[in-house]
Amino acid sequence: MGMAKWEDAVGAIGLILLGVGHYMGLFIAPKEAMMGDVGRILYVHVPVAWISMLSFLVAFVAALGYFFRGTTTWDALMESAVEVGVVLTSLLLALGSLWARPTWGVWWDWDPRLTTAAVMLLAFLGVTALRRLVDGPEQRATWSAVATVVAFVNVPIVYFSVKWWRSLHQTQSSPKTVDPGMVTSLRVCAFAVLFIAIFFIARRWRIAKTRLENELAPPEALLDSEEA
Amino acid sequence: MRQVWEVLRKDLLIEWRGRSRSTGVFFFAMILLLLFSFALGPDSQVLRQHAGAYMWLSLLLSSTLALSQSFRIEVESDALTVLRLLPVSPVSLYYGKAAANTLVLLLLGVASGPIVIAVFDVTLHAPIGHLLLLLLLGCAGLAAPGTLYAGITCRAKGQEILLPVLLFPLIVPAMLASVKATTLMMNGDPMGQGRSWFILLLCFDIIYWSISGLLFAKVIEE
Amino acid sequence: MLEEKITVAGSAPARSAVAPAAAREDAITARDVSKRYGAHWAVSRATFRVAQGSCFLIIGQNGAGKSTLLRIVATLNRPTLGELSYFGEAPRHDHAAVRHRIGLLSPRLGLYEDLTAAESLLTFGRLSTRPSSDRIHELLGLVGLNPSLATPVRLFSQGMRKRLALACLAAQDPDLVLLDEPYGALDPAGMTLVDNMVRRWQRQGATVVIATHHVERGAELADDGISLDRGRIVAKGSAEELTRFAAARFH
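Given the structure is predicted, the values throughout are model-derived calculations rather than measurements.

Engineer: Is there a simple way to think about the overall build of chain C in this case?
Structural biologist: Within chain C one finds eight helices and nine strands. In chain C, which comprises 251 residues, the share counted as buried stands at 55%. By sequence separation, contacts in chain C at least 24 residues apart represent 70% of the contacts at least 6 residues apart. A total accessible area of about 10800 Å² is found for chain C, and carbon and sulfur atoms account for 51% of it.

Engineer: Would you mind showing me how to read the pattern of salt bridges here?
Structural biologist: Side chains that differ in sign of charge can pair as their charged atoms come close. Applying the stated criterion to the full structure yields 35 salt bridges over all chains. In this structure, C:Arg71 engages B:Asp78 in a salt bridge whose closest nitrogen and oxygen atoms are separated by 3.8 Å. Here the residue C:Arg71 occupies a position in helix H1 (residues 66-73), and B:Asp78 occupies one in the loop between helix H3 (44-76) and helix H4 (79-85), the pair thus bridging two chains. Among the residues examined, C:Arg71 registers a relative accessible area of 22% and is labelled partly exposed. Where salt bridges share partners, they join A:Asp75, A:Glu79, A:Glu83, A:Arg131, A:Arg132, A:Arg204 and A:Arg211 into one cluster.

Engineer: Please explain helix H5 (residues 158-171) of chain C as it appears in this structure.
Structural biologist: Helical geometry note: an α-helix holds 3.6 residues per turn, so side chains three or four residues apart project in the same direction. Residues and elements named next belong to chain C. Compared with an ideal rise of 1.5 Å per residue, which puts 14 residues at 20 Å, H5 spans 20 Å between its outermost C-alpha atoms and is within 8% of the ideal. Considered for burial, the residues of H5 that qualify are Gly159, Arg161, Lys162, Arg163, Leu164, Ala165, Leu166, Ala167, Cys168, Leu169, Ala170 and Ala171. Looking at the buried residues of H5, the elements they touch are strand E5 (102-105), helix H3 (117-128), helix H4 (133-142), strand E6 (176-180) and helix H6 (188-203). Immediately downstream of H5, the backbone of Asp173 shows phi near 50°, a positive value.

Engineer: Can you help me understand the interface of chain B and chain C in this one?
Structural biologist: By a widespread convention, an interface's size corresponds to the accessible area lost as its parts come together. Between chain B and chain C, the residue contacts involve 27 residues of the former and 28 residues of the latter. Here chain B and chain C share an interface that buries about 2700 Å² over both sides, 53% of which is from carbon and sulfur atoms. If you sort the residues of chain B by the area they bury against chain C, B:Arg17, B:Arg84 and B:Leu85 come out on top, with a joint share of 23%. Taken together, the links from chain B to chain C amount to five salt bridges. Residues C:Asp114 and B:Arg21 are paired through a salt bridge, measuring 2.9 Å at the closest nitrogen-oxygen approach. Counting every contact that joins chain B to chain C gives 13 residue pairs in polar contact (both at pLDDT 80 or more). Of all the secondary-structure elements, those providing two or more residues to the side of chain B that touches chain C are helix H1 (2-17), H3 and H4 of chain B. By residue number, the principal contributor to the side of chain B that touches chain C is H1(B), which donates eight residues. In terms of residue class, the side of chain B that touches chain C is built from 12 nonpolar, three polar and 12 charged.

Engineer: What is the right way to look at the packing of aromatic side chains in this model?
Structural biologist: Taken as a whole and judged by the stated rule, the model has 16 aromatic pairs over all chains. Consider the rings of B:Phe36 and B:Tyr54, whose centres lie 4.8 Å apart with planes at 35°: the pair is tilted. A residue pair is termed long-range when its members are at least 10 positions apart, and B:Phe36 in helix H2 (residues 19-40) and B:Tyr54 in helix H3 qualify at 18 residues. You can call B:Phe36 buried: its relative accessible area is 16%. For the ring pair C:Tyr112 and C:Phe124, a centre distance of 5.7 Å and an interplane angle of 10° mean the geometry is stacked. Of the two residues, C:Tyr112 sits in the loop between E5 and H3 while C:Phe124 sits in helix H3, which places them 12 residues apart along the sequence. The residues C:Tyr112 and C:Phe124 share a single accessibility class, namely buried. For A:Lys209, the ring lying beneath its charged end belongs to A:Trp205, and the centroid distance is 5.6 Å.

Engineer: Mind showing me how you'd approach the pairing of E5(C) here?
Structural biologist: Side-chain direction in a regular strand flips from residue to residue, so the side chains alternate between the two faces of the sheet. All names here are of chain C. Side chains Ile102 and Leu104 project from E5 onto one buried face, and the interleaved Gly103 and Leu105 project onto a second face that is buried too. Examined bridge by bridge, E5 and E6 share four bridges and lie parallel to one another. Paired with Leu105 across the bridge in E6 is Leu179.

Engineer: Explain the environment of B:His50 here, please?
Structural biologist: Tracing the sequence through the fold places B:His50 in helix H3. Remark: the alpha-carbon pair of B:His50 and B:Ile73, spanning 23 residues in sequence, is separated by 35 Å.

Engineer: Looking at this structure, how should I read the nonpolar core?
Structural biologist: The nonpolar side chains of a soluble globular protein tend to be buried, and buried together. By size, the foremost hydrophobic cluster in this structure holds 171 residues, and its most contacted members are A:Phe124, A:Val150, B:Tyr149, C:Leu121, C:Leu164, C:Leu179 and C:Trp201. Counting residues per element, this core draws most heavily on helix H7 (residues 159-187) of chain B, which supplies 14 residues. Among the nonpolar cores identified, the runner-up in size contains 31 residues, and C:Tyr86, C:Val98, C:Leu104 and C:Val209 belong to it.

Engineer: Got a minute to help me understand the packing of H3(B) against helix H6 (residues 128-153) of chain B in this structure?
Structural biologist: Between two packed helices, both the angle of their axes relative to each other and the distance between the axes serve to describe the pair. All names here are of chain B. Between H3 and H6, the least distance of the axes is 10 Å, while the angle of their chain directions is 40°. On the basis of the axis angle, H3 is oblique to H6. The two elements H3 and H6 meet at a crossing, and its hand is right-handed. Contacts between H3 and H6 pair Met55, Trp56, Leu59, Leu60, Ser63, Leu67 and Phe71 from the former with Leu134, Leu135, Gly138, Cys139, Leu142, Ala143, Gly146, Thr147, Ala150 and Gly151 from the latter. Taken together, the residues that form the contact of H3 with H6 break down as 12 nonpolar, five polar and no charged.

Engineer: How should I be thinking about the sheet that holds strand E1 (residues 26-37) of chain C in this particular structure?
Structural biologist: Strand pairs in the sheet, formed through backbone hydrogen bonds, run parallel or antiparallel to each other. Residues and elements named next belong to chain C. Strand order in the open sheet formed by three strands is E2-E1-E4, and the pairing between neighbours is antiparallel. Each having just a single partner strand, strand E2 (40-51) and strand E4 (81-86) make up the two edges of the open sheet. Each strand of the sheet is rotated relative to its neighbour by a mean of 15°, with strand direction disregarded. Two elements, E1 and E2, share eight bridges in a ladder whose sense is antiparallel. The partner of Tyr37 across the bridge, within E2, is His40.

Engineer: Before we go on, may I ask you to explain the interface of chain B and chain A in this structure?
Structural biologist: Taken together, the contact between chain B and chain A spans 26 residues of the former and 29 residues of the latter. Between chain B and chain A lies a buried interface of about 2500 Å² when both sides are counted; carbon and sulfur atoms form 79% of it. Ranking the residues of chain B by area buried against chain A places B:Lys157, B:Lys218 and B:Glu222 at the top, with a combined share of 21%. Remark: the boundary between chain B and chain A carries one salt bridge. The closest approach of N and O atoms between B:Lys157 and A:Asp135, which form a salt bridge, is 3.3 Å. Where chain B meets chain A, there are five residue pairs in polar contact (both at pLDDT 80 or more). Residue assignment for the side of chain B that touches chain A shows that the elements contributing at least two residues are H6, H7 and helix H8 (194-220) of chain B. Among the elements that take part in the side of chain B that touches chain A, H8(B) stands out by supplying 10 residues, more than any other. Classifying every residue of the side of chain B that touches chain A gives 20 nonpolar, one polar and five charged.

Cut-offs used in this document
Residues numbered from 1 in each chain as written. Chains lettered and ligands numbered in written order. Predicted model: local features only at pLDDT ≥ 70, side-chain atom pairs only at ≥ 80, totals over all residues. Heavy atoms only, no water. Helix = DSSP H or I, 4+ residues; strand = E, 2+ residues; numbered from the N terminus. Buried < 20%, exposed > 50% of the residue type's maximum accessible area, 1.4 Å probe, protein only. Contact = heavy atoms within 4.5 Å. Areas by Shrake-Rupley, 256 points an atom, 1.4 Å probe, with all protein chains shown as cover. Salt bridge = Lys/Arg side-chain N within 4 Å of Asp/Glu carboxyl O. Expected span 1.5 Å × (residues − 1). Buried area = accessible area lost by both parts, 1.4 Å probe. Polar contact = N/O pair within 3.5 Å; in protein donor to acceptor, adjacent residues only side chain to side chain. Nonpolar A, V, L, I, M, F, W, Y, C, P; charged D, E, K, R; others polar. Phe/Tyr/Trp six-rings, centres within 6.5 Å; stacked < 30°, edge-to-face > 60°. Lys NZ or Arg CZ within 6 Å of the ring centre and 35° of its normal. Pairing = 2+ DSSP bridges. Core = buried A, V, L, I, M, F, W, Y, C linked by side-chain atoms within 4.5 Å. Axes fitted to C-alpha atoms, helices over the stretch in contact; angles between N-to-C directions. Parallel < 35°, antiparallel > 145°, perpendicular 65-115°, else oblique. Left-handed = near helix turned anticlockwise from the far one by under 90°.

Dropping the structure here:
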């Protein structure tokens, strides 16, 4: 069970970093000039946004991996990464609403990034629904890989079309224009969310692999037992 | 190319022979348009402003019926099995079916045009050719991912719900562009923005017509 | 246990006009072909050879795995385990080349309800070989459907549908014909028609595989074959041996 130990270590580091990062973000970093203390939500919001995109990127790569290799491992990784991505995106939207209410005065706004996140969430929720509704393991793997590829390709298209449609979100703040104290806290929090996401993806990957392998085989063993 | 044409011809022939079903889809689209206009109320200013949006919404909702229909005929008596054994490549099969679906949706759009004009009190500020081109591009945008996903959902459990769940999030950019461009045509386009929406829609079509054609082989082989 | 394997008879059956199997390459060679659905094996370690130009019989009761095996042989489903080669070649990734030589009569027939008989033949024919209208009439005449060529399929009886499906199959000119329960839903005249079609395909040099539970009927035509029970091959041998085996086993 070396795998489990490795995962647990990553998860533990993630939790510690999360604690440290939040302490820094809440008590050490200076107050955000425009938004005040509300702005401190950025220490979770921005890392969650980055890592949710990263999860979907992993799912996309896993889908391509399944196309070329056709193995259960890739299918399981795709299942795991899509689910973690969906959870992170839901969290992202909830955090975004919490921030938007005091800042913009509304819970929801048709800003490009917000809309893209919502559409992305729906598209990948569709993938999880598809996985539940197909019985054959090979059909399920192939079809959900197709849906994952399409959902991923869709993300930039939605982003640019909504951006054209209307734009009032503040421009993406790059770490160089803000206070160094804020940058450090943000980086620590980003690594925290990254490690926690890796922990969940790896754990979920292992569970999915076990379940899928049980579903598919072990062929020889079963054939022999029938012969006995 | 010949195979694409043969598949297209086959689908259109079946669609024509089974036209009582297609008229059902048409009535569904009409009823949606009427319901939308009731929901908006009698203010003709509001109706005119939103005509484009509701025209495309009714087309989108009816398209799921037409799209799943186009694969139900293949699956209900296992004709898909026979097709797979014929010397028809999956790519030709996809483009043939997607083209047939585009034409069916285009016909649906053209047929609902007069109803939109009458019920929503619309005057057209652009040449009719532009609107037809827009309809064609929009229907092609619906049909491309729609044909791909209908090929999946026709063989999954709960196909009625799965097709819209998978399709609608993808359609957002195409819908946005079609609705915007149509609204500009119906309410005047002083800033000349219509062109950029056309381009967006065209890009969407090109992207989805290419990747769906590649992915369809994977879908059909399972 | 139940295993009472009959070895393949050395001499080719007298009825067949085909040269001895060893002299030609096999149309199908199946080794350890297995297919798993969930927890159960629909087909388990099926190993057999079908000589080119012969008529091969797969017998077994409902649910014995005949249809699954035929769909795997038709390259429509991938086997969970095992290998298949066709005409001496084993397709690895791309089945396209061999697939187009295969024709399958599916138990659900694969016809479009809304097309007429003539349109169905024309449609399936155009997608494979571009048949002339003379050919369409010839094929419809062959299956006795000329009077109803303009009738939509949805008004056909099961027997007429099967006749039409056989004609569509013939329009594709397959080298390997797979018939899944060809005798179901047919009257005696229809059954004779199936026999005639099979002989016609064999005269044209095609290989025919018939899966059926009408053992005696199939054995009239077949050279040799296998008997399936719960996905496993329980007997192999010539048509006569299979008939005797089935009589002893199922009656």
